[in-house]
Amino acid sequence: MAIDETGTRARVRDGRGDRDQERARRREAAERSERIRRFFIHAGLILFGLVMLYPLLWMLASSFKPTEAIFRDPGLWPGADFTAGNYGDGWTALEYPFHHYVINSLIVVGASVVGNLIGCSMAAYAFARLEFFGKKLFFAVMLMTIMLPVHVVIVPQYILFANLGWINTFLPLIVPKLLATDGFFIFLMVQFIRGLPRDLDEAARIDGCGHVRIFWRIIMPLSLPALATTAIFTFIWTWNDFFAQLIFLTSPDMYTVPVALRTFVDSTTQTSWGPLLAMSVVALGPVFGFFLAGQRYLVRGIATTGIK
Amino acid sequence: MTAVLNNRPAAGADRGGAGGTGGGPRLPRPGREAAARRRRESLTAYGFLAPWFLGLGLITIGPIIASLYFSFTDYSLIGGADWVGLENYRRMLDDPRLHQSLAVTFKYVFISVPLQLAMALALAMVLDRGVRGLPLYRSVYYLPSLLGGSVAVAILWRRIFGANGLINQILESAGGLFGLSPSLPGWVSDPEYALGTLIILNVWTFGAPMVIFLAGLRQIPRMYYEAAQVDGAGPARRFWSVTVPLLTPIIFFNLVLQMINAFQTFTQAFVVSGGTGGPSDSTLFYTLYLYQEGFGSFNMGYASAMAWLLLMIIGGFTAVNFLASKYWVFYGD
């Protein structure tokens, strides 16, 4: 009886043990296949990332190779061919040394960033916090201007700026930013300001603050993330912008980096590709730097408003 | 309207009164004072909007109207604009380069945007499954979107797809492994392939729509997938019956944006072709031709007419997209 009982118990225990073991084995197998699956996903993603980045890495590598090696060797490692001479040659290849164009670009970009921050945040405050006649209509108009291609307005803009004597100055590139013509950033900031609690405004108003002070003392400090996104995007887009700079800047001493690069590429023969690629690397450097520094803001910016 | 105007300030005053019981200056006000306050608020708002209004008038709407006027004139910046009626538009009808530029642009838009979005969605789906290191992958894939429109990358493309460029070097050594020595074209200098290289460039910048897709995928409740799985739906079925319908607003948004962007492509074509739109006009994008007419030949009248045609095309496409969206975009209920 007792033996029987213990026997059954033992059998039961054994059965349970089998089942547990079976389950554990299955779990282990599942985990292993999951690990393998994950390994292949990562391998695929990394390989794909390398293919995506290869052109950029190749450009960086080629900028350190003599031109004839660029045409010979598709690899990334310059090895014995290594030379930094392309940078020196490229720097002085054009009418002005390359830093002349970099400074011009920085002037345009810096002023554009300041202009967008001021102009767009003011407009955004009005749309997000104030009630006024025609608000819905103006907001709709603002959204439509985001979609408007610059090519549609460039001809009359050119005529206008020509009449003002602004051609071949930085003004046609900067003044529109101060006048908040980049609706995208207004939209971005409106979305952000709408998310801020209104209690703060109310409290400030009870304390006797006017709108100017609420805007400047409360909304602006709280909107720093949106302002950072605006500043970074403005920097990158203006730095890369070619069309407007090509049209409005006509003499080499006013050229910005993209326009200078374009004259470089037009005058390039088979022999000067090394210096040309070196200067292209220089041109992409600041964008890459801002990308590294501001990824968080960039990703949030596109995710909430969705433009390149 | 007056009811609305009177109601809101009254509500505001109530709130002010309730909040200000601690002795604040805000007490319930009579209607007239509230109306005055509203007027003041409007004025303040217009003050904040002053730069924007100025920009809208001078930089945006003014030029749109002006370009409509110039499109009916012959104007070369020197002297006045001569009214020529519909002449510019008539010239468009039998301008072979204009037709070529439209063909190039449409081909580019209709091939590159779907490819780019498919790539973006595919990668977003893979990354959405809780892959470790997501921020890193996302950044790597997003980087080309930031750089893709620059002159430097266009130069790079011209070099990579050149006659003795990177692509041909790789293909040659790959062919060499099998004892082949294929005669390879200079991709950017061959009218057959030049546009293709620019399409690849646009597909390469799939990162921006991918980030938007990722944000959209996050919004789909896991529950739906679990329910579908319990009901026996496989991965393909779950994709088509759960992911796609719930993602349609995002797909639509990306489609409109990327199409508008693609219609405006300029820099890449300009740099790769050296400003000509060559070889034999195979990369003569619409915007490039507009630039040549307006700022190469200073036919401001004709360029204005072209600008209006572009506005019509983009407006038309956006409208069609929005109308069609009623039939396939699912906004939930």
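In this text, all values refer to a predicted model and were calculated from it rather than measured experimentally.

Asks: Is there a simple way to explain the domain arrangement of chain B in this structure?
Replies: Accessible area lost on assembly of the parts is the figure often given for the size of an interface. Residue and element names in this part refer to chain B. Here chain B is described as being made up of domain 1 (2-70) and domain 2 (96-328). Taking only C-alpha atoms into account, the centre of domain 1 sits 43 Å from that of domain 2. Listed as interface residues are four residues of domain 1 and, on the opposing side, four residues of domain 2. Summing both partners gives a buried area of about 370 Å² for domain 1 against domain 2, and 69% of it is carried by carbon and sulfur. Remark: the boundary between domain 1 and domain 2 carries zero salt bridges. Linking domain 1 with domain 2 are two residue pairs in polar contact (both at pLDDT 80 or more). Of the residues that constitute the side of domain 1 that touches domain 2, the class distribution is three nonpolar, one polar and no charged.

Asks: Explanation requested: the pattern of salt bridges in the structure shown.
Replies: Side-chain pairs of opposite charge can arise where the charged atoms are in close proximity. Summed over the entire model, instances satisfying the criterion amount to 12 salt bridges over all chains. Measuring nitrogen to oxygen at the nearest pair gives 3.3 Å for the salt bridge that ties Glu22(A) to Arg25(A). A residue pair is termed a helical-turn pair when its members lie 3 or 4 positions apart in one helix, as Glu22(A) and Arg25(A) do in helix α1 (residues 2-62) at three residues. The exposure class of Glu22(A) is partly exposed, given its relative accessible area of 33%. The closest approach of N and O atoms between Arg222(B) and Asp128(B), which form a salt bridge, is 3.0 Å. In this pair, Arg222(B) sits in helix α10 (residues 222-230) while Asp128(B) sits in helix α4 (residues 96-128), placing the two residues 94 residues apart along the sequence. What makes Arg222(B) partly exposed here is its relative accessible area of 44%. The class of Asp128(B) is buried, set by a relative accessible area of 14%. Three or more residues joined by partner-sharing salt bridges are found here, namely Glu22(A), Arg25(A) and Arg26(A).

Asks: So what exactly am I meant to see when it comes to the environment of Trp273(A) here?
Replies: Note that Trp273(A) resides in helix α14 (residues 273-305). Taking the C-alpha atoms as reference points, Trp273(A) and Ile70(A), separated by 203 residues in sequence, lie 8.2 Å from one another.

Asks: What is the right way to look at the domain arrangement of chain A in this model?
Replies: Residue and element names in this part refer to chain A. In terms of domains, chain A is made up of domain 1 (2-62) and domain 2 (86-305). A C-alpha centroid distance of 49 Å is found between domain 1 and domain 2. Contacts between the two partners involve five residues from domain 1, matched on the other side by five residues from domain 2. Together domain 1 and domain 2 conceal approximately 410 Å² of surface at their shared face, both sides included; 82% is due to carbon and sulfur atoms. Linking domain 1 to domain 2 there are zero salt bridges. Between domain 1 and domain 2 we count zero residue pairs in polar contact (both at pLDDT 80 or more) in total. For the side of domain 1 that touches domain 2, the residue count by class is four nonpolar, one polar and no charged.

Asks: I'm lost on the packing of α4(B) against helix α8 (residues 194-204) of chain B in this one. Help?
Replies: Describing two packed helices takes the angle between their axes plus the distance from one axis to the other. Residue and element names in this part refer to chain B. Look at α4 against α8: their axes get within 8 Å of each other, and the N-to-C directions meet at 35 degrees. Every pair of crossing elements has a handedness; the one defined by α4 and α8 is right-handed. Residues Val-104, Lys-107, Tyr-108, Ile-111, Ser-112, Leu-115, Gln-116 and Met-119 of α4 lie in contact with α8, whose contacting residues are Leu-195, Leu-198, Ile-199, Asn-202 and Val-203.

Asks: I tried to follow a nonpolar patch on the surface on my own but got confused; where do I start?
Replies: Where nonpolar side chains cluster on the molecular surface, the patch consists of Ile46(A), Leu50(A), Leu57(A) and Leu76(A) and spans about 320 Å² of accessible area. Judged by relative accessible area, which is 31%, Leu76(A) ranks as partly exposed.

Asks: Hey, could you run me through the packing of aromatic side chains in this one?
Replies: Aromatic ring pairs are defined here through the distance separating the ring centres and the angle between the ring planes. All names here are of chain B. Counting across every chain of the model gives 58 aromatic pairs over all chains. Seen from their ring centres, Phe-106 and Phe-263 are 5.6 Å apart, and the 85 degrees between their planes marks the pair as edge-to-face. Here Phe-106, found in helix α4, pairs with Phe-263, found in helix α11 (residues 235-263); they are 157 residues apart in sequence, far enough to count as distant. With a relative accessible area of 24%, Phe-106 lands in the partly exposed category. The class of Phe-263 is buried, set by a relative accessible area of 4%. Ring geometry for Trp-187 versus Tyr-193: centroids 4.8 Å apart, planes at 70 degrees, classification edge-to-face.

Asks: It is not clear to me how the nonpolar core should be interpreted in this structure. Could you clarify?
Replies: Generally speaking, a soluble globular protein has its nonpolar side chains buried in company with each other. Grouped together as the largest cluster of nonpolar side chains are 186 residues, with contacts concentrated most on Leu56(A), Ile186(A), Leu261(A) and Met210(B). Looking at which element gives the most residues to this core, the answer is helix α4 (residues 98-129) of chain A, with 13 residues. With residues up to four places along the chain from it excluded, the contact list for Leu261(A) reads Phe98(A), Leu276(A), Met279(A), Ser280(A), Ala283(A), Val151(B), Ala152(B) and Ile155(B).

Rules of the game
Here, residues in each chain are numbered from 1, in the same order as that chain's written sequence. Each chain gets a letter, beginning with A, and each ligand a number, beginning with 1, in the order they are written. Reporting in this predicted model follows two pLDDT cut-offs: at least 70 for local features of residues, and 80 or more for side-chain atom pairs to be given and counted; totals over whole chains, interfaces and linings ignore these cut-offs and use all residues. Just so you know, side-chain values use all the structure's heavy atoms and leave hydrogens and water out. Boundaries between domains were set according to an automatic or database domain assignment. Residue contacts are counted whenever heavy atoms from the two residues lie within 4.5 Å of one another. Note on terms: buried area is the combined drop in 1.4 Å-probe accessible area of two parts once they are placed together, counting the loss on both. Salt bridge criterion: a side-chain nitrogen from Lys or Arg within 4 Å of a carboxyl oxygen from Asp or Glu. In protein, a polar contact requires one atom able to donate a hydrogen and another able to accept it; more generally it is a pair of N or O atoms within 3.5 Å, and residues adjacent in sequence count only if both atoms are side-chain atoms. Side-chain classes follow a simple rule in which Ala, Val, Leu, Ile, Met, Phe, Trp, Tyr, Cys and Pro form the nonpolar group, Asp, Glu, Lys and Arg form the charged group, and the remainder, Gly included, forms the polar group. For the purposes of this entry, the term helix denotes a DSSP run of H or I that reaches at least four residues, the term strand denotes a run of E that reaches at least two, and both are numbered from the N terminus. Relative accessibility under 20% of the residue-type maximum defines a buried residue, over 50% an exposed one, and the middle range a partly exposed one, all with a 1.4 Å probe and only protein chains included. Axis lines are fitted through C-alpha atoms, for helices just across the contact stretch, and the angle between N-to-C directions can take any value from 0 to 180 degrees. Note: crossing handedness is left-handed where the near helix turns anticlockwise from the far helix by less than a right angle, and right-handed where it turns clockwise. Exposure above 30% relative accessible area and the lack of any salt bridge qualify a residue for a patch; like charges then connect within 9 Å, and the nonpolar side chains Val, Leu, Ile, Met, Phe, Trp and Tyr within 5 Å. Each accessible area is a Shrake-Rupley result for a 1.4 Å probe, and residues are judged covered by the shown protein chains and nothing else. Centre distance within 6.5 Å is the pairing criterion for rings of Phe, Tyr and Trp, where only the six-membered ring of Trp is used; planes under 30 degrees apart are then read as stacked, over 60 as edge-to-face, and the remainder as tilted. Residues belong to one nonpolar core when they are buried, are Ala, Val, Leu, Ile, Met, Phe, Trp, Tyr or Cys, and are joined through side-chain atoms within 4.5 Å.

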